Amino acid sequence: MKPPPYNEEMREIIDGIITGSTMLAGRNHGALIVLQRFDDLTKYAHTGVLMDTIVTPETLLQIFYPNTPLHDGAVIIAEGRIKAAACIMPLSSRNVLDKTPSRQMGLRHRAALGISEMNDSVTIVISEESGTISLAYDGKITRDISPERLRATLTDFYKIPEQHSFWERLWKFLSYTVKKLFGKM
């Protein structure tokens, strides 16, 4: 599976996620938003309620509104759409979160870290206690990130890599190899 290409549509999706996350954080509504990259998340989507709807801040606010049927669990966004809500994520078995000051990270953070240990997804977690936004990827969690940093990170994850001709790639490879073998010239 390929992540959706970074184009105008992906920019709008990222904008919706950022706006929704910021609004949820401002209201101290907890949330867990898992974004698929290359690894398939279908088995996790089937643990929740399948949806297949567009990504908008309003949809995210509605899903994570407290005490509604879909607010517990994770939302999975794949191929530019909300594929499922109320999904169950694997919990991290590492005790890294127990060592945080005042145990400020709870079950959502353990789930964000757990899914990031299992695949290459990117997970946004919003704390209902503090209203902070955190990001989990590759078995690591970064706490209290700004909407600007979140936007930059998501943009990097979903941008289209530059396309180069075979000859440009060959030249780059040979130049790199020569520099490694003989030092800088």
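Please read all numbers here as calculations on a predicted model, not as lab measurements. (Residues numbered from 1 in each chain as written. Predicted model: local features only at pLDDT ≥ 70, side-chain atom pairs only at ≥ 80, totals over all residues. Heavy atoms only, no water.)

**With respect to unusual backbone geometry**
In plain terms, the rule: Only runs of H or I of at least four residues qualify as helices and only runs of E of at least two qualify as strands under DSSP, and these elements are numbered from the N terminus.
A positive phi angle, close to 65 degrees, is found at Asn67, a residue other than glycine. As for its position among the elements, Asn67 is in the loop between helix 3 (57-63) and strand 3 (74-78). Phi angles above zero are rare outside glycine, and Ala86 is one such case at about 60 degrees. Relative to the elements of secondary structure, Ala86 occurs in strand 4 (residues 81-87).

**Side note on the packing of helix 1 (residues 8-26) against helix 5 (residues 147-158)**
Which entries qualify depends on this criterion: Lines fitted to C-alpha atoms define the axes here, with helix axes fitted over just the stretch in contact, and angles between the N-to-C directions of these axes take values from 0 to 180 degrees. Any angle from 65 to 115 degrees is called roughly perpendicular, while one under 35 is roughly parallel, one over 145 is roughly antiparallel, and all others are oblique. By convention the crossing between two helices is left-handed if the near helix lies anticlockwise of the far one by an angle smaller than a right angle, and right-handed if it lies clockwise. Contacts are assigned to residue pairs that have any heavy atoms within 4.5 Å of one another. Residue polarity is assigned by list, with Asp, Glu, Lys and Arg as charged and Ala, Val, Leu, Ile, Met, Phe, Trp, Tyr, Cys and Pro as nonpolar; anything else, Gly included, falls into the polar class.
The geometry of helix 1 relative to helix 5 is characterised by a closest axis approach of 10 Å and an angle of 150 degrees between their N-to-C directions. Classified by the angle their axes make, helix 1 and helix 5 are roughly antiparallel. In this structure, the crossing between helix 1 and helix 5 has a hand that is right-handed. For the pair helix 1 and helix 5, the contacting residues are Met10, Ile14, Asp15, Ile17, Ile18, Ser21 and Thr22 in the first and Pro147, Leu150, Arg151, Leu154, Thr155 and Tyr158 in the second. Partitioned by chemical class, the residues of the contact of helix 1 with helix 5 number eight nonpolar, three polar and two charged.

**Here's the deal with the nonpolar core**
Worth spelling out the cut-off: In this text, buried Ala, Val, Leu, Ile, Met, Phe, Trp, Tyr and Cys residues form a nonpolar core when linked through side-chain atoms within 4.5 Å. Note on exposure labels: buried denotes an accessible area under 20% of the residue type's maximum, exposed denotes more than 50%, and partly exposed covers the range between, all computed with a 1.4 Å probe on protein chains only.
By size, the foremost hydrophobic cluster in this structure holds 29 residues, and its most contacted members are Leu35, Ile124 and Leu154. Of all the elements in the fold, those that place two or more residues in this core are helix 1, strand 1 (31-35), helix 3, strand 3, strand 4, strand 5 (122-126), strand 6 (133-137) and helix 5. The element best represented in this core is helix 1, accounting for seven residues. Ignoring sequence-local partners within four residues, the contact set of Leu154 consists of Ile14, Ile17, Ile18, Leu35, Val122 and Ile124. Tyr44, Ala74, Met89 and Ile115 belong to the second-largest nonpolar core, a separate cluster that totals 15 residues.

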